[in-house]
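# Tertiary structure, described
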Amino acid sequence: MRQPKVFFLLTKSGSRVLHFQSLFYKNSLLSVVREIFYLFPGFMMGDLGVEDELSFEDRFKQYVMVKKDGKIICSTQCLNPPANTPSIWNIKHILRQDKFDFLSELSRCLLRRSPENSHQEKEWHAFLGFLQKYKKVAIGEHERFQFYILPPKEGSPFNYTFACYREREKPSECPVAKVSGRPEKTNVQNISLESNFVHANPSYLKTLGHTHSGWSFGAIAEFVDNSRDAKATKLEISIDIIYSRVVGREIPMLCIIDDGCGMNHQEMLQMVSFGHKQPDADDPNRIGRFGIGFKTGAMKLGKDALVLTQTTNSRSIAFLSQTLNEGKDNLEIPIVSYYRYGQFMELDKQNETLFKHNLKAIKEFSPFDKYFIGQKVGLFSKDGTGTHIYIWNLEEWGPNYSLQWESGITGGSSFHQGDILIRSRRVRARPGQMTQTVPLDYSLRSYLEVIFLDPRIKIYVQKSQVKSRPLARSLNRTVVENGTIMGKPVQLTLGCNQLEWEEANCGIFLYWHGRLIEAYKRVGSMMHNGDRGRGVIGVIDVTNLMAEDNGHVWVHNNKQGFQDCEVYAELEKWLGEKSDKYLDEHVDKVELKPGSGVYKPDNEWVQCDKCRKWRMLSHGFNSKTLPLQWFCYMKPFNGECERSEQEVEPGVITISSKRLGYSSTEDPEEIKRKLSRQAVGTSKNVGENDSSHSMDEDQAKKSPAQKRKRLRRSCRKS
């Protein structure tokens, strides 16, 4: 059957411009309009009719209230807005359109009226009518953006109009790099000749890497933070071997892949730019704050990094490279962005020549050609979002690399899992520390086990899952200390940990926004005696304590320590007092044998691999018998993911089923009567909770008098 032909007549200002025949007769009007854009790029947005509005339908929408002198004009829908668009646009000035010769170079969004009442509809019509009649442009200002609301073209309805936007012009306090990828262009004539704008030499990238020069895992932690801030549920970290055409051989590449919300073009620009403004308030749900984590982390680990990110309606590629910028006077960062139209991703046409140049640079100076990029893009699901970071030309250690990686045994084996190690395997220096066994310092898997105070995200290292270890839930003889430091409440959890006792470690773990900042910090008498407090671990979150009302935080920008300040000094003093008190009242003075198990946690916990909730195991159940992938419906919980997490009641200490002299089936009242009778016959209670079989055997060998002397008091409330 012969297909019918469809003809379109394009007009501009009532005059005939082009007679156009479309072969896609079954397609929607939106598809035909896109076809016109590709074949005839000379038609700018705003020169067409209602098709312009349709071309924005698949893009992000946000409601914006337009005001003038504090009075509401109308509520609108903003289609394809910039990142972090304010919900209120307050118009400051209205000037003639011919005063702005740079508007055609700026990015655009569409404002479509969405009145809440008849008054707003009337005001919107009068507002656009004024702009159209006198050829005016309404200028709205925000602390970050400038908006230019354009007049609708003659003869068009006042349902919508276009708005241009750009970042406000402010002299940067830090070096400014040239970011190649749909930048907000400015008119040179508008820049004061007295302004001094600083350029960034490519050598500045090496300087950025010095931020994490003391510890390589601090650089990797920056990417973990970004993934958690992006609400990722899964994060994969691995080192793969790929072939590089640039050097003509196989090289290792560090890969960090998450399934978070991804970044749009504006957010990508902010991530690779230098010196953007810090937030005025400290967001408790966000770790990232300083705006340098990606750049410092990537440049510490390697010379070149490529970011591939995808949102629900866009995809962007950014290339931060020392190799590309070698020999140049100013730093260049190529960016290529695509936008989603239905099920297709299409190149942004606003500056196609620049984007082709950027894509060519990426292919020439990286291992990524169009096939390799396509392969990595295929890792996203149909409607998937997330961010991929690939780093190569890794930092070297002599003839080898600073990082050493092990693949491990495949098939989910727990016998030997893959890991990424710091080749030197050096232990970080801490006051009073004598042990050289601190796996957290050189094993990425060990570090990621405790990086979060309340771990929820699934993390994989070398393709095997990291088993999270929430420290506060893995302690024996747990005591919770509450206090106030400089008017702010704090809570410290103290207890004993068998694993740390065997490795001769101790100290406080300090978390900020739920992320580990300092580990094994020795305080009080721990600093003066290497074996003092052996196996004692403290856990504290100092988010509120380390923040001021003006938004300033007392945390280093590498997030590996706290600034020297009054509040931190008071914190150290308070931690020392509480830890010494705990050592005096709760730590056994009798020499213990490795493997005795006296520091078995008060309660053992397991995390569901689906809902990521923590479940308390029944007493006497050996958690080592559980499979690597455990779900709520399995033994011993036998429940559902919908059930809420259990919480241990304060002041309650449980008794192990193997405790000498007591049965797990014995009536609690009978246990209390036994304890009362034993307490009368003793003048002093000594010892702690004993839940191991080996310690029971030692007790059996002692005389009755020795047994009475070693009477336990773990059932008393602390």
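Under an unreviewed UniProt entry, the chain has the name MORC family CW-type zinc finger protein 2-like isoform X2 and belongs to Solanum pennellii. Its UniProt record, at the heading Sequence similarities (unreviewed entry), says of the chain: "Belongs to the MORC ATPase protein family." Per its UniProt entry, the chain bears the Subcellular location (unreviewed entry) comment "Nucleus".

## Focus on the environment of Phe 217
Along the chain, Phe 217 turns up in helix H5 (residues 217–229). Remark: the alpha-carbon pair of Phe 217 and Asp 441, spanning 224 residues in sequence, is separated by 8.3 Å. Leaving out residues up to four positions away in the same chain, Phe 217 has contacts with Leu 403, Ile 420, Leu 421, Ile 422, Leu 440, Asp 441, Tyr 442, Ser 443, Leu 444 and Tyr 447.

## Remarks on the sheet that holds strand E7 (residues 136–141)
Spatially, the seven strands close up into a barrel ordered E3-E4-E6-E9-E8-E7-E5, and their pairing is mixed. Averaged over all adjacent pairs, the angle separating strand axes in this sheet is 40 degrees, with direction ignored. One ladder, built from four bridges, connects E7 with strand E8 (residues 145–149); its direction is antiparallel. Residue Glu 141 lies in a different strand from E8, and its bridge partner there is Gln 146. Relative to strand E4 (residues 71–79), helix H3 (residues 118–134) is tilted by about 80 degrees, and along the sheet it contacts strand E3 (61–68), E4, strand E5 (88–96), strand E6 (107–113), E7, E8 and strand E9 (160–167).

## Here we look at the packing of H5 against helix H7 (residues 293–301)
One way to put it is that H5 packs onto H7 with a least axis distance of 8 Å and a crossing angle of 140 degrees. Regarding H5 and H7, the two cross each other, and that crossing is left-handed. Only Gly 293, Phe 294, Thr 296, Gly 297, Ala 298, Lys 300 and Leu 301 of H7 make contact with H5, whose side of the interface consists of Ala 219, Ile 220, Glu 222, Phe 223 and Asn 226. Of the residues contributing to the contact of H5 with H7, the split by class is six nonpolar, four polar and two charged.

## Focus: the pattern of salt bridges
For the coordinates displayed, the defined rule picks out 24 salt bridges. Notably, a salt bridge pairs Asp 609 with Lys 458, separated by 3.9 Å at the nearest N-O pair. Within this pair, whereas Asp 609 is found in the loop between strand E29 (605–607) and strand E30 (614–616), its partner Lys 458 is found in strand E22 (residues 458–461), the two being separated by 151 residues in sequence. In this structure, the salt-bridge partner of Glu 518 is Lys 521, at a minimum N-O distance of 3.9 Å. Residue classification places Lys 521 among the buried positions, given a relative accessible area of 14%. Taken together, the shared-partner salt bridges in this structure form one network comprising Glu 222, Asp 225, Arg 515 and Lys 559.

## Here we look at the pairing of strand E12 (residues 249–258)
The element E12 is largely enclosed, with a buried count of eight among its 10 residues. Sheet topology places strand E11 (residues 234–244) next to E12; 10 bridges connect them, and they run antiparallel. Along E12, the bridge assignment pairs Ile 237 with Ile 256. Taken together, E11 and the strand that follows it, E12, pair antiparallel across an intervening segment of four residues, in which Gly 248 is found at a positive phi of about 75 degrees.

## Focus on the packing of aromatic side chains
Scanning the model with the defined rule gives 21 aromatic pairs in all. Their ring planes at 50 degrees and their centres at 5.3 Å tell us that Phe 368 and Tyr 390 sit as a pair that is tilted. One end of the pair, Phe 368, is in the loop between helix H8 (352–365) and helix H9 (370–377); the other, Tyr 390, is in strand E17 (residues 386–394), with 22 residues separating them in the sequence. Judged by relative accessible area, Phe 368 falls into the buried class, the value being 1%. Ring-pair connections join several aromatic residues into one group, and the members of that group are Phe 319, Phe 368, Phe 372, Tyr 390 and Trp 392. Just above the ring of Tyr 460 sits the side chain of Lys 234; from NZ or CZ to the centre is 5.2 Å. The positively charged end of Arg 534 is found above the aromatic ring belonging to Trp 501, 4.4 Å away from the centroid.

## With respect to the sheet that holds strand E24 (residues 476–485)
Within the open sheet, the five strands sit side by side as E24-E25-E28-E26-E27. Their pairing is mixed. This sheet does not close on itself; its edge strands, each paired only once, are E24 and strand E27 (515–521). Strand-to-strand, the axes of this sheet are offset by a mean angle of 20 degrees, without reference to chain direction. Here strand E26 (residues 507–512) runs beside E27; their pairing, made up of four bridges, is antiparallel. Of the residues in E27, the one forming a bridge with Ile 508 is Lys 521. Together, E24, strand E25 (488–496), E26, E27 and strand E28 (536–541) form the strand contacts of helix H12 (residues 566–586), whose direction differs from that of E24 by roughly 145 degrees.

## Considering the side chain of His 265
With respect to the secondary-structure elements, His 265 resides in helix H6 (residues 265–272). Look at His 265 and you get buried, because its relative accessible area is 2%. In this structure the side chain of His 265 is engaged in a polar contact, spanning 2.4 Å, whose partner is the side chain of Ser 337.

## What to know about the environment of Ile 139
Inspection of the secondary structure puts Ile 139 in strand E7. Residues Ile 139 and Ile 91, spaced 48 residues apart in sequence, show a C-alpha to C-alpha distance of 5.5 Å. Contacts of Ile 139, omitting those with residues within four sequence positions, involve Asn 90, Ile 91, Lys 92, His 93, Leu 95, Phe 100, Phe 147 and Tyr 148.

What counts and how
- Residues numbered from 1 in each chain as written.
- Predicted model: local features only at pLDDT ≥ 70, side-chain atom pairs only at ≥ 80, totals over all residues.
- Heavy atoms only, no water.
- UniProt positions renumbered as here; feature names shortened; annotations may be inferred.
- Helix = DSSP H or I, 4+ residues; strand = E, 2+ residues; numbered from the N terminus.
- Contact = heavy atoms within 4.5 Å.
- Pairing = 2+ DSSP bridges.
- Axes fitted to C-alpha atoms, helices over the stretch in contact; angles between N-to-C directions.
- Left-handed = near helix turned anticlockwise from the far one by under 90°.
- Nonpolar A, V, L, I, M, F, W, Y, C, P; charged D, E, K, R; others polar.
- Salt bridge = Lys/Arg side-chain N within 4 Å of Asp/Glu carboxyl O.
- Buried < 20%, exposed > 50% of the residue type's maximum accessible area, 1.4 Å probe, protein only.
- Phe/Tyr/Trp six-rings, centres within 6.5 Å; stacked < 30°, edge-to-face > 60°.
- Lys NZ or Arg CZ within 6 Å of the ring centre and 35° of its normal.
- Polar contact = N/O pair within 3.5 Å; in protein donor to acceptor, adjacent residues only side chain to side chain.

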